[in-house]
Amino acid sequence: MSLVQILMLVVLVVMFIAATKWPINIGIMGLVGAFVFGTFVFGMDDKEILEEFPASIVLTIVGVTFFFSIAQKNGTIRVLVDLAIRAVRGRINIVPWIFFVVSSLLTAMGTFSPAAVALLAPAAMGFCASTGYSGVVMGAMVINGAHAGGFSPISVSGNIVRDIAEANGFEINGGALFLAAYVINLLVTILTVVVMKALGRLRTVPDPDNLESWGAYGDSGVGSKGPDSDGRLPRQGSGSGTAVAVETEVRTATSPMTRQVWLTIGLIVVMVVGAVGFELPIGFLGLACGLVLAFTSLKSSENLVSGISWSTVLLVSGMIVYVSLLTHAGVIDSLSKMAVAIGAPLIVAIVLCYVIGVSSAFASSTALLTALIPMSIPLLEQSALSATAVMSALAVSATIVDVSPFSTDGALIIANTQGGEAKTIWRDLMIYAGFVVLIAPLLAWALLVPTGII
């Protein structure tokens, strides 16, 4: 690697340290870093520096947070989460797994993963704010669920991997790819729940402000005690502070089903059908449906745009622009070539898993699937390793790290986080993503490549 490439990586590390220690948006640092290197090292003008500006990601975040911020204000999110909790009789530990399954079903049917996450994140994070469930774990549920189903035979990512393999003379088993992605994402999610529970961070006392607005689960007993040891919410009337488990009796929802709520639910259905059935961009759908709600909420129209997560837009935009310069400087390509040059097939495979995993934590998973999976072709041509196993391991490594705050999926989780956790979700998700980057590529490699199980 050249001195410039090394320096750019060092600057990236410094950005992370600074953003963790001080309350400065790392996106600003990314844009400044891109300006300095782009202008004074590569001689680029502003249009060239911003060539990879993530307009589609920005539109997704703006559109989704605009619509669902209105849905939050008019009580719709509260109603939906309330109904979900009541459907499982107050057992809040079951609700996150419902989001995992629904997310995987959406992507298995062909929905692009950011669209699935965008549809589910508002209700999922609203649930966390109202019950004290970990936003990091819920984020992992939604995102890992999306990628568990994201390599089905009819999915975008699944077709990308198979097309790359066929273009280079290899055939991979589409069913095995799908199964591998689902199992590994499921295992990582289970491990996340187990570890967070062992650390005592699976649930916390819900935010008092959200509880006050929620008003569906008792009185001071909820605020003081939170969910009981079985993961159930206390019933109303437990004013002594004792958590009384909900057994068979399920109270009717106290959240009002107003015309505004019914309209919002109808528009959510429109967004789901548009994104899943017609593959329309979720960002534009969010803006269009949000505009309909805005015209029915004219009395509070001056506050509607404030619900857009502008800080998340800045964070993601700045870092993607900077990482695009890393690609322009040949950093990613150098790392891949260094991996292939090692020689030993099994070692090359695990290094490639880590290269694509680390890179994908800061860039588009789809783009990296297209760019880096072909790097495995020389390895497959010179070894007896299973093409299905190697490409499946690389595909999983590239997508499972999308819990990173710098990915579209991770950014959507941050943008929809509510309550007190919104202040720390970026840091917590970054730490969690670091552990996933360390563990998931190794797990994918160990289960698939040396065993040759697929």
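Residues numbered from 1 in each chain as written. Predicted model: local features only at pLDDT ≥ 70, side-chain atom pairs only at ≥ 80, totals over all residues. Heavy atoms only, no water.

1. A short note on the overall build of the chain
Scanning the chain from N- to C-terminus turns up 22 helices and 0 strands. Across the 454 residues that make up the chain, the buried fraction comes to 56%. Put simply, of all contacts in the chain between residues at least 6 apart along the chain, 76% involve residues at least 24 apart. Total accessible area on the chain is roughly 19,000 Å²; 67% of this is exposed by carbon and sulfur atoms. (Helix = DSSP H or I, 4+ residues; strand = E, 2+ residues; numbered from the N terminus. Buried < 20%, exposed > 50% of the residue type's maximum accessible area, 1.4 Å probe, protein only. Contact = heavy atoms within 4.5 Å. Areas by Shrake-Rupley, 256 points an atom, 1.4 Å probe, with all protein chains shown as cover.)

2. Some points on a nonpolar patch on the surface
A contiguous nonpolar patch, built from Val4, Ile28, Val32, Phe35, Val36, Phe40 and Val41 and spanning about 610 Å² of accessible area, is present on the exposed surface. In terms of residues, the nonpolar patch owes the most to one element, helix H2 (residues 26-40), which gives 5 residues. With respect to the helices, strands and loops of the structure, valine 32 is situated in helix H2. (Patch = residues over 30% accessible without salt bridge, like charges linked within 9 Å, V, L, I, M, F, W, Y side chains within 5 Å. Salt bridge = Lys/Arg side-chain N within 4 Å of Asp/Glu carboxyl O.)

3. Some words on the packing of helix H4 (residues 55-73) against helix H7 (residues 113-131)
It is the contact of H4 with H7, at a shortest axis distance of 10 Å, that shows an interaxial angle of 35 degrees. The hand of the H4/H7 crossing is right-handed. Mapping the contact onto sequence places Thr60, Val64 and Phe68 in H4 and Ala118, Leu119 and Pro122 in H7. (Axes fitted to C-alpha atoms, helices over the stretch in contact; angles between N-to-C directions. Left-handed = near helix turned anticlockwise from the far one by under 90°.)

4. Notes on the packing of helix H21 (residues 408-415) against helix H22 (residues 425-448)
Relative orientation of the contacting elements H21 and H22 amounts to 150 degrees, with a least axis distance of 10 Å. Regarding H21 and H22, the two cross each other, and that crossing is right-handed. Residues Gly410, Ile413 and Ile414 of H21 pack against Ile425, Trp426 and Leu429 of H22. The residue makeup of the contact of H21 with H22, split by class, is 5 nonpolar, 1 polar and no charged. (Nonpolar A, V, L, I, M, F, W, Y, C, P; charged D, E, K, R; others polar.)

5. Regarding a negative patch on the surface
A surface patch of negative charge is lined by Asp45, Asp46, Glu48, Glu51 and Glu52. By secondary structure assignment, the location of aspartate 46 is in helix H3 (residues 46-49). (Lys, Arg positive; Asp, Glu negative; His and termini not counted. Charge placed at Lys NZ, Arg CZ, Asp CG, Glu CD.)

6. As for the environment of valine 436
Locating valine 436 in the fold gives a position in helix H22. Taking C-alpha positions, valine 436 is 9.0 Å from serine 404, a pair spaced 32 residues apart along the chain.

7. Examining the packing of aromatic side chains
Under the counting rule described, the total for this entry stands at 6 aromatic pairs. Each ring, one from phenylalanine 37 and one from tyrosine 322, has its centre 6.3 Å from the other, and the planes form 65 degrees; the classification is edge-to-face. Here phenylalanine 37 is found in helix H2, whereas its partner tyrosine 322 is found in helix H15 (residues 310-328), with 285 residues between them in sequence. Given a relative accessible area of 7%, phenylalanine 37 falls into the buried group. Residue tyrosine 322 is classed as buried on the basis of its relative accessible area, which comes to 0%. Note on phenylalanine 178 and tyrosine 182: the rings are 6.2 Å apart at their centroids and 85 degrees apart in plane angle, and the pair reads as edge-to-face. Of this pair, phenylalanine 178 and tyrosine 182 both sit in helix H10 (residues 174-198), 4 residues apart, roughly one helical turn. (Phe/Tyr/Trp six-rings, centres within 6.5 Å; stacked < 30°, edge-to-face > 60°.)

8. Quick word on the pattern of salt bridges
In a structure, side chains of opposite charge can pair up when their charged atoms sit close to one another. What the rule picks out here adds up to 2 salt bridges. Ionic pairing is found between arginine 201 and aspartate 428, a salt bridge with its closest N-O pair at 3.6 Å. Placement of the pair is arginine 201 in the loop between H10 and helix H11 (208-214) and aspartate 428 in helix H22, with a sequence separation of 227 residues. Here arginine 427 ties to aspartate 428 by a salt bridge, and the two come within 3.1 Å at their closest N and O atoms. What makes arginine 427 partly exposed here is its relative accessible area of 38%. Three or more residues are tied together by salt bridges with common partners; here these are Arg201, Arg427 and Asp428.

9. Here's the deal with the confidence of the model for the chain
Confidence in the prediction of the chain, expressed as mean pLDDT, is 79, and 83% of residues score 70 or more. Between residues 211-231, whose pLDDT stays under 50, and residues either more than four places distant or in other chains, the model counts 58 contacts. Taken as a whole, residues 233-254 scores under 50 in pLDDT and shows 57 contacts with residues more than four places along the chain or in a different chain. (pLDDT = per-residue confidence, 0-100.)

10. Describing the environment of leucine 315
Residue placement: leucine 315 occurs in helix H15. The exposure class assigned to leucine 315 is buried, which follows from its relative accessible area of 8%. For the pair formed by leucine 315 and proline 405, sequence separation is 90 residues and the distance between their alpha carbons is 8.4 Å. Ignoring sequence-local partners within four residues, the contact set of leucine 315 consists of Asn25, Ile26, Gly27, Pro405, Phe406 and Trp426.

11. Description of the side chain of asparagine 185
Looking at the element boundaries, asparagine 185 is found in helix H10. Polar side-chain contacts of asparagine 185 include one of 2.7 Å to the backbone oxygen of alanine 181. Leaving out residues up to four positions away in the same chain, asparagine 185 has contacts with Phe100, Asn144, His147, Ala148 and Ile400. (Polar contact = N/O pair within 3.5 Å; in protein donor to acceptor, adjacent residues only side chain to side chain.)

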